[in-house]
Amino acid sequence: MENAFKNAYKGKKVFITGHTGFKGSWLSLWLSYLGAEVTGYSLKPPTQPNMFEAIGLEQVIQSKIGDILDPKSLNLAIENCRPDFVFHLAAQPLVRLSYQEPKLTYETNVIGTLNVLEAVRKTPSVKSCVVITTDKCYENKEWPYGYRENDPLGGYDPYSSSKACSELVVSAYRNSFFNSSEFGKAHETALASARAGNVIGGGDWAADRLVPDCIRYLNEARPIELRNPGATRPWQHVMEPIAGYLWLGALLYNKNTLYNEAWNFGPYDESVVSVEKVVREIIRLWGKGEIIINKEKHPHEASLLKLDISKAQSKLGWKPVYSIQNALDKTVKWYMEYFDNKDNIKEFTIRQIEEYTKSARSLNIEWSL
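What counts, and where the lines are drawn
- Residues numbered from 1 in each chain as written.
- Predicted model: local features only at pLDDT ≥ 70, side-chain atom pairs only at ≥ 80, totals over all residues.
- Heavy atoms only, no water.
- Helix = DSSP H or I, 4+ residues; strand = E, 2+ residues; numbered from the N terminus.
- Rg over C-alpha atoms; globule rule 2.2 N^0.38 Å.
- Buried < 20%, exposed > 50% of the residue type's maximum accessible area, 1.4 Å probe, protein only.
- Lys, Arg positive; Asp, Glu negative; His and termini not counted.
- Charge placed at Lys NZ, Arg CZ, Asp CG, Glu CD.
- Salt bridge = Lys/Arg side-chain N within 4 Å of Asp/Glu carboxyl O.
- Polar contact = N/O pair within 3.5 Å; in protein donor to acceptor, adjacent residues only side chain to side chain.
- Contact = heavy atoms within 4.5 Å.
- Phe/Tyr/Trp six-rings, centres within 6.5 Å; stacked < 30°, edge-to-face > 60°.
- Lys NZ or Arg CZ within 6 Å of the ring centre and 35° of its normal.
- Pairing = 2+ DSSP bridges.
- Disulfide = S-S within 2.5 Å.
- 1 Å grid on protein atoms, 1.4 Å probe; cavity = no way out; pocket = protein on both sides within 12 Å on 5 of 7 lines; lining within 4 Å.
- Points joined across faces, edges and corners; volume = space filled by probe spheres on them.
- Nonpolar A, V, L, I, M, F, W, Y, C, P; charged D, E, K, R; others polar.
- Expected span 1.5 Å × (residues − 1).
- Axes fitted to C-alpha atoms, helices over the stretch in contact; angles between N-to-C directions.
- Parallel < 35°, antiparallel > 145°, perpendicular 65-115°, else oblique.

Caption draft 1: Structural detail: the overall build of the chain. Looking only at helices and strands, the chain has twelve helices and twelve strands in total. The C-alpha atoms of the chain give a radius of gyration of 19 Å, which matches the 21 Å a tight globule of 369 residues would have. Looking at the chain as a whole, 57% of its 369 residues qualify as buried. Side chains of the chain carry 44 positive and 43 negative charges; the gap between the two charge centres is 3 Å.

Structure representation (structure tokens):
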């Protein structure tokens, strides 16, 4: 573990927005374990229970509760941190909630991103900035092949559209204020965006997400309700894209503007499977459970979505480590450990990071060597 990501983060200051969320908590813990000095800026944990409190992250990193829609507070937090790296994860991340709260969704995901980039622009210490968006930023035509980074952006629902807008904001700032041709003259910041598929893993308690809903139903011995069992998604364990973010951040720091682009981090095609298949595997791993189909009318959600990850594979040397079966096994085991032994969940999570890194090393993936 100590050599992962070429020691890029050891002793460095890292600023993370959205650190109290599911992915932000995993990223914060991993960075802390790598020897980084981590400062998080976010709203309070969005669910109860939540990953942030489960692993005692407040005792591990510097945590500031704040809103990315409050530029004064955000600017002060970044100014005080003087980070080398910035990872922007704070967002309104739910499709169904975006139908109920479209204005909040656009404000958080677009203006919030703008505020973060403005704060970065005013902070000379930042050498590497990674903005995390989503695979849903693409104009989804539900075709059978994966979307590439140069495919058109779009979005049927407010969430997807807002993430496409945030990608446009990143592109405009990269061209206007962090242009590669001006690096070393007008600025010293490398800026990239990262797009990941449906992530799963221990510690996610969000409403209207498949795995957390399954765990809630199973733990309460209730049938699992499915809205769209045939929908197909690119499922991956949360550590897969986080490894991609960390490696991209390290390369931006060390190689400057060579990687100032958008990047997809998704699974292999074998892990692009239906909702029903995922749920049946979770039930098998849990040991019991049943499925019922909810036939009520629901807001539109895409039936098919895939990412093309060949660019990250060829240019970054990144590739997936876990199959969908491995990812689900690690996920279900995390929740079982949580329910059986909450006091041990931080150490259990760190062991999962160590196991993942060891598996990556066995595949000779560059970031792990």
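Caption draft 2: Here's a closer look at the side chain of K23. One can find K23 in helix α1 (residues 22-33). Lacking a salt bridge, the buried K23 has D135 as its closest oppositely charged neighbour, with an N-O distance of 8.6 Å. Only 2.7 Å separates the side chain of K23 from the side chain of Y245, close enough to count as a polar contact. Apart from residues no more than four positions distant in its own chain, K23 is found in contact with L89, I132, A196, V199, V238, I242 and Y245.

Caption draft 3: Structural context of the packing of aromatic side chains. Evaluated as defined, the whole model comprises 25 aromatic pairs. Taking the centre distance of 5.5 Å and the plane angle of 75° together, the rings of Y338 and F339 count as edge-to-face. Of the residues examined, F339 reaches a relative accessible area of 28% and is grouped as partly exposed. Over the ring of F177 we find R121, and its NZ or CZ is 4.2 Å from the ring centre. Sitting above the plane of the W263 ring, K311 keeps its charged end 4.3 Å from the centroid.

Caption draft 4: Summary view of the pairing of strand β5 (residues 128-132). Summarising burial for β5: five of the five residues are buried, a large majority. Of the two faces of β5, both are covered, the one formed by S128, V130 and I132 as well as the one formed by C129 and V131. In this structure, strand β4 (residues 85-88) lies alongside β5, joined through four bridges in parallel fashion. What sits directly across from H88, in β5, is V131. In the sheet, β5 pairs with strand β6 (residues 190-196) via five bridges, with the strands oriented parallel. Opposite V131, over in β6, you have S193 as the bridge partner.

Caption draft 5: Layout of the state of the cysteines. On inspection of all chains with the given rule, the structure shows zero disulfides. Free cysteine C165: the closest other cysteine sulfur is in C137, separated by 11 Å. Assessed through its relative accessible area of 27%, C165 is described here as partly exposed.

Caption draft 6: Spotlight on the layout of surface pockets. A volume near 170 Å³ is recorded for the second largest pocket. What lines the second largest pocket is V120, R121, K122, T123, P124, K127, F177, F178, A186, H187, E188 and T189. Class assignment of the residues belonging to the lining of the second largest pocket gives a composition of five nonpolar, three polar and four charged.

Caption draft 7: Region of the structure containing helix α9 (residues 275-286). Counted at 1.5 Å a residue, the expected span for α9 with its twelve residues is 16 Å, and the 17 Å between its end C-alpha atoms agrees. Residues of α9 that are buried: V275, V278, V279, E281, I282, I283 and W286. On its buried side, α9 packs onto α7 (210-219), β8 (224-226), β9 (232-237), β11 (272-274), β12 (291-293) and α11 (324-340). Remark: G287 follows α9 within two positions and exhibits a positive phi of approximately 105°.

Caption draft 8: Structural view of the sheet that holds strand β7 (residues 198-200). Judged by pairing direction, the sheet is mixed, and its three strands sit side by side in the order β7-β9-β11 without closing on themselves. Two strands in the sheet have a free side with no partner beyond their single neighbour: β7 and β11. The average undirected angle you get between the axes of adjacent strands in this sheet is 50°. Against the sheet, α9 engages β9 and β11, with an angle of about 85° to β11.

Caption draft 9: Geometry of the sheet that holds β5. If you trace the seven strands from one edge of the open sheet to the other, you get β3-β2-β1-β4-β5-β6-β10, paired in parallel fashion. The open sheet has two free edges, formed respectively by β3 (62-65) and β10 (262-265), since each of these has just one partner strand. Each neighbouring strand pair of the sheet contributes to a mean axis angle of 20°, computed without reference to strand direction. Note that strand β1 (residues 13-17) and β4 share four bridges and pair parallel. Along β4, the bridge assignment pairs F15 with V86. The strands that helix α3 (residues 71-81) touches are β1, β2 (37-42) and β3; relative to β1, the one it contacts most, it runs at about 160°. Strands in contact with helix α6 (residues 158-176) are β5, β6 and β10; relative to β6, the strand with the most contacts, it is inclined by about 160°.

Caption draft 10: Representation of the packing of helix α8 (residues 239-255) against helix α12 (residues 345-362). Taken N-terminus to C-terminus, the directions of α8 and α12 make an angle of 70°; their axes are 11 Å apart at the nearest point. By the angle class used here, α8 and α12 are roughly perpendicular. On α12, the residues touching M239, E240 and A243 of α8 are Q352, I353 and Y356. Considered class by class, the residues forming the contact of α8 with α12 number four nonpolar, one polar and one charged.

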